[in-house]
Amino acid sequence: MRLVRWTLTGAALVIAALSTAQPAMAADKGWEKVTYSIDDPEAAEKLKLRVADEEKPAPAKPADPSEIVVPKGAPDTGDGSLAAGAGIPLLPIGGGLLAVGAAGAGVVLIRRRVGAGA
Amino acid sequence: MRRLTGGIAATLAGTALVGLSLTGCGASAKPASPSPVAAIEHVTPSRPAKPEKLDRSPPMLLSIPRLGITVKPTRLGLRPDGTVEVPPLDRPEEAGWYSRGASPGERGGAVILGHVDGRGKAGVFHKLHTLRRDDTITVNRADHTVVTFAVESVEQVAKSRFPAQRVYGDPGHPGLRLVTCGGTFDKATGHYSDNVVVYARSVTTGAGKG
């Protein structure tokens, strides 16, 4: 009877120890996943969360606004790939027109020559 | 039981995150059809000053509702030659905040730059020139405040006469300047002739969702 009681007590202690350790591990695992998602800049962007950059200090800026570093020149923000007319190779088009024009002139000349001979 | 509860909590949190990520997208610019820059409005700022100056805090989200733009600005600095950095041309959907200037909401002219086009795609600021006075621009900041700006003027200026001091300098109140390219594209030089600059000033500030 005593053996049974000690066995049950021991088993209860082991179960109690496991039940306090494993839930914490399981919970940590779960939070690891959540934390990973939030720390992922893309996920944070999608979630519109402001976590990753929050901890970064803001870049230093002079306290006196007159000391702000003004960049030189004008910003270059575009490569013209969608600008009207940009990207259309004018020379090939011009060359094509010349070729068509020359071919047309040849046809006319041939017709004239044929007509002249007839 | 606690393990089960932890598991359920983790599952629910994960589900919520997936749901949010599916519905909360929109950090890129709405594609715009290519069109030449035209009809630029020149308006003299006349809005009464309401200087609610905030401390320095980086911008985390820029929204221009009328253009359907919601973008998370990157940080830009200076190139070795002293010119301002711009977002990479192969990612024209990005916008960048000039981090050596004021932050949006802080006293000064906060500058955010974006491409008009790049690598055959419409840039984030492709339709910037269509903004008009009193259009709203909102900036969510890292300190969880949201600053709403109202457009004061939209100007197109030759690159050779770029008003650097007016754009980057201190207007005496919290201002926002959005900058992109405009005008005609010179194939010989590989540059646009002009810049389009939107001048806006802060009208309200509030607490954002955390």
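Remember, it's a predicted structure, so these values are computed and weren't measured experimentally.

**Overview of the nonpolar core**
Residue and element names in this part refer to chain B.
Thought 1: Residues Leu-62, Ile-64, Phe-125, Ile-137, Leu-176 and Leu-178 are the most contacted members of the largest nonpolar core, which totals 25 residues.
Thought 2: Of all the secondary structure elements, the ones that give two or more residues to this core are strand 1 (59-64), strand 2 (69-71), strand 4 (95-98), strand 5 (108-114), strand 8 (136-141), strand 9 (145-158), strand 10 (174-186) and strand 11 (191-207).
Thought 3: In terms of residue count, strand 9 provides more of this core than any other element does, four residues in total.
Thought 4: With residues up to four places along the chain from it excluded, the contact list for Leu-178 reads Leu-62, Ile-64, Ile-112, Phe-125, Leu-128, Ile-137, Val-196, Val-197 and Val-198.
Thought 5: Among the nonpolar cores identified, the runner-up in size contains 13 residues, and Val-84, Leu-113, Val-157 and Val-197 belong to it.

**Structural notes on the environment of B:Glu93**
Thought 1: Relative to the helices and strands, B:Glu93 resides in the loop between strand 3 (74-76) and strand 4.
Thought 2: As a C-alpha pair, B:Glu93 and B:Asp117 span 24 residues in sequence and 8.6 Å in three-dimensional space.

**A word on the pairing of strand 1 of chain B**
Residue and element names in this part refer to chain B.
Thought 1: Across the six residues that make up strand 1, a large majority, six, are buried.
Thought 2: Pairing geometry for strand 1 and strand 8, over four bridges, is antiparallel. Note that in strand 8 the partner of Leu-61 across the bridge is Asn-140.
Thought 3: In the sheet, strand 1 pairs with strand 2 via three bridges, with the strands oriented antiparallel. When the bridges of strand 2 are listed, Ser-63 appears paired with Thr-70.
Thought 4: Connecting strand 1 to the antiparallel partner strand 2 that follows it, the hairpin turn spans four residues, and Gly-68 within it adopts a positive phi of roughly 70°.

**Side note on the side chain of B:Ser63**
Residue and element names in this part refer to chain B.
Thought 1: Here Ser-63 lies in strand 1.
Thought 2: Residue Ser-63 is classed as buried on the basis of its relative accessible area of 14%.
Thought 3: In this structure, Ser-63 is in contact with Ile-69, Thr-70, Thr-136, Ile-137 and Thr-138, ignoring residues within four places of it in sequence.

**Re the confidence of the model for chain B**
All names here are of chain B.
Thought 1: On average, residues of chain B score 81 in pLDDT, and 74% of them reach the 70 mark or higher.
Thought 2: This stretch, residues 1-39, has a pLDDT under 50; its non-local contacts, to residues over four places away or in other chains, come to 48 contacts.
Thought 3: Ignoring residues within four places in sequence, the model shows residues 41-49, a span with pLDDT below 50, making 23 contacts including any to other chains.

**With respect to the sheet that holds strand 3 of chain B**
Residues and elements named next belong to chain B.
Thought 1: Spatially, nine strands are ordered 2-1-8-9-11-10-5-4-3 in an open sheet, and the strand pairing comes out mixed. Only two strands of the sheet have a single partner each, and these edge strands are strand 2 and strand 3. Strand-to-strand, the axes of this sheet are offset by a mean angle of 30°, without reference to chain direction.
Thought 2: In terms of strand pairing, strand 10 meets strand 11 through 10 bridges, oriented antiparallel. Counted as the bridge partner of Leu-178 is Val-198 from strand 11.

Conventions and cut-offs
Residues numbered from 1 in each chain as written. Chains lettered and ligands numbered in written order. Predicted model: local features only at pLDDT ≥ 70, side-chain atom pairs only at ≥ 80, totals over all residues. Heavy atoms only, no water. Core = buried A, V, L, I, M, F, W, Y, C linked by side-chain atoms within 4.5 Å. Buried < 20%, exposed > 50% of the residue type's maximum accessible area, 1.4 Å probe, protein only. Helix = DSSP H or I, 4+ residues; strand = E, 2+ residues; numbered from the N terminus. Contact = heavy atoms within 4.5 Å. Pairing = 2+ DSSP bridges. pLDDT = per-residue confidence, 0-100. Axes fitted to C-alpha atoms, helices over the stretch in contact; angles between N-to-C directions.

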